[in-house]
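Single-letter residue listing:
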Amino acid sequence: MLEQIIIKTTKRTEFIDITRKIQEVIAERNYQQGLCTVYVHHTTAGLFINEAADPAVCKDLENFLDRLVPWKAEWEHLEGNAAAHVKAVLCGNSHSIPIQEGKLQLGTWQGIFLAEFDGPRTRKVLLAFT
Ligand code: ZN
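Treat the numbers as computed from the prediction; the structure is a model and nothing was measured.

Student: Can you help me understand the side chain of His42 in this one?
Tutor: Summarising the element assignment, His42 is placed in the loop between β3 (34–40) and β4 (45–51). At 2.9 Å, the side chain of His42 forms a polar contact with the backbone nitrogen of Lys124. His42 has contacts with Thr122, Arg123 and Lys124, leaving out every residue within four places of it along the chain.

Structural data, given as structure tokens:
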């Protein structure tokens, strides 16, 4: 079964916690047990699982990636967003999370984040349930 979530981003770089939206789909469809594969099919956005409690963690991640992959550098890609492509590769675009008793089996502090690296844009997150 395939579902999708549409996210409108508002900044060039933005990490959006989509855990609640995914959990809502699981509840609406009454999925009790299995695997939820979350997939972002974009080339300048990614997906990661990390701390959702302290927003400073996302800010640190954003700052670190900006230092590691500067926007202005001697990139070959003519569109002008090569840094966003590199960050998306570093981040990855898919995770699989077990579902048990209707709940994503995330750790206490974990959240699932859409990572926008070339916004603002409208992004589609695909959810495959098996
Ligand atoms: Zn590009």
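Student: I tried to follow the nonpolar core on my own but got confused; where do I start?
Tutor: With 21 residues, the main nonpolar core has Ile18, Ile22, Val38, Val125 and Leu127 as its most contacted residues. Contributing elements (two or more residues each) for this core: β1 (2–8), α1 (19–29), β3, β4, β5 (94–100), β7 (110–116) and β8 (122–129). Other than its neighbours up to four places away in sequence, Val125 contacts Glu3, Gln4, Ile5, Ile7, Ile18, Val38, Tyr39, Val40 and Leu114. Counting nine residues, the second largest nonpolar core, distinct from the first, contains Phe15, Ala88, Phe113 and Phe117.

Student: Just to check I follow, could you spell out the coordination of the zinc ion for this structure?
Tutor: Perfect tetrahedral coordination of a metal by four donors corresponds to 109.5 degrees between them, and perfect octahedral coordination by six donors corresponds to 90 or 180 degrees. Distances from the zinc ion to its protein donors, His77 (NE2), Glu79 (OE), Asn81 (OD1) and His85 (NE2), fall within 1.9 to 2.2 Å. For the zinc ion, the four donor atoms in the first shell make angles of 90 to 152° at the metal, so the coordination geometry reads as irregular. In the primary sequence, the donor residues of the zinc ion line up as H-x1-E-x1-N-x3-H. Glu79 sits in the exposed class, given a relative accessible area of 55%.

Student: Sorry if this is basic, but what is going on with the sheet that holds β7 here?
Tutor: Sheet strands associate in pairs through backbone hydrogen bonding, adopting either a parallel or an antiparallel arrangement. Strand order in the open sheet formed by three strands is β2-β7-β4, and the pairing between neighbours is antiparallel. Two strands lie at the open edges of the sheet, namely β2 (14–17) and β4, each paired on one side alone. Here the average twist between neighbouring strands, direction ignored, is 30°. Bridging between β2 and β7 involves four bridges; their strand directions are antiparallel. Counted as the bridge partner of Phe15 is Ala115 from β7.

Calculation notes
Residues numbered from 1 in each chain as written. Predicted model: local features only at pLDDT ≥ 70, side-chain atom pairs only at ≥ 80, totals over all residues. Heavy atoms only, no water. Helix = DSSP H or I, 4+ residues; strand = E, 2+ residues; numbered from the N terminus. Polar contact = N/O pair within 3.5 Å; in protein donor to acceptor, adjacent residues only side chain to side chain. Contact = heavy atoms within 4.5 Å. Core = buried A, V, L, I, M, F, W, Y, C linked by side-chain atoms within 4.5 Å. Buried < 20%, exposed > 50% of the residue type's maximum accessible area, 1.4 Å probe, protein only. Donors = N, O, S within 2.8 Å, 3.2 Å for Na, K, Ca; no water. Tetrahedral: all angles 85-135°; square planar, octahedral: opposite > 155°, others 65-115°. Pairing = 2+ DSSP bridges. Axes fitted to C-alpha atoms, helices over the stretch in contact; angles between N-to-C directions.

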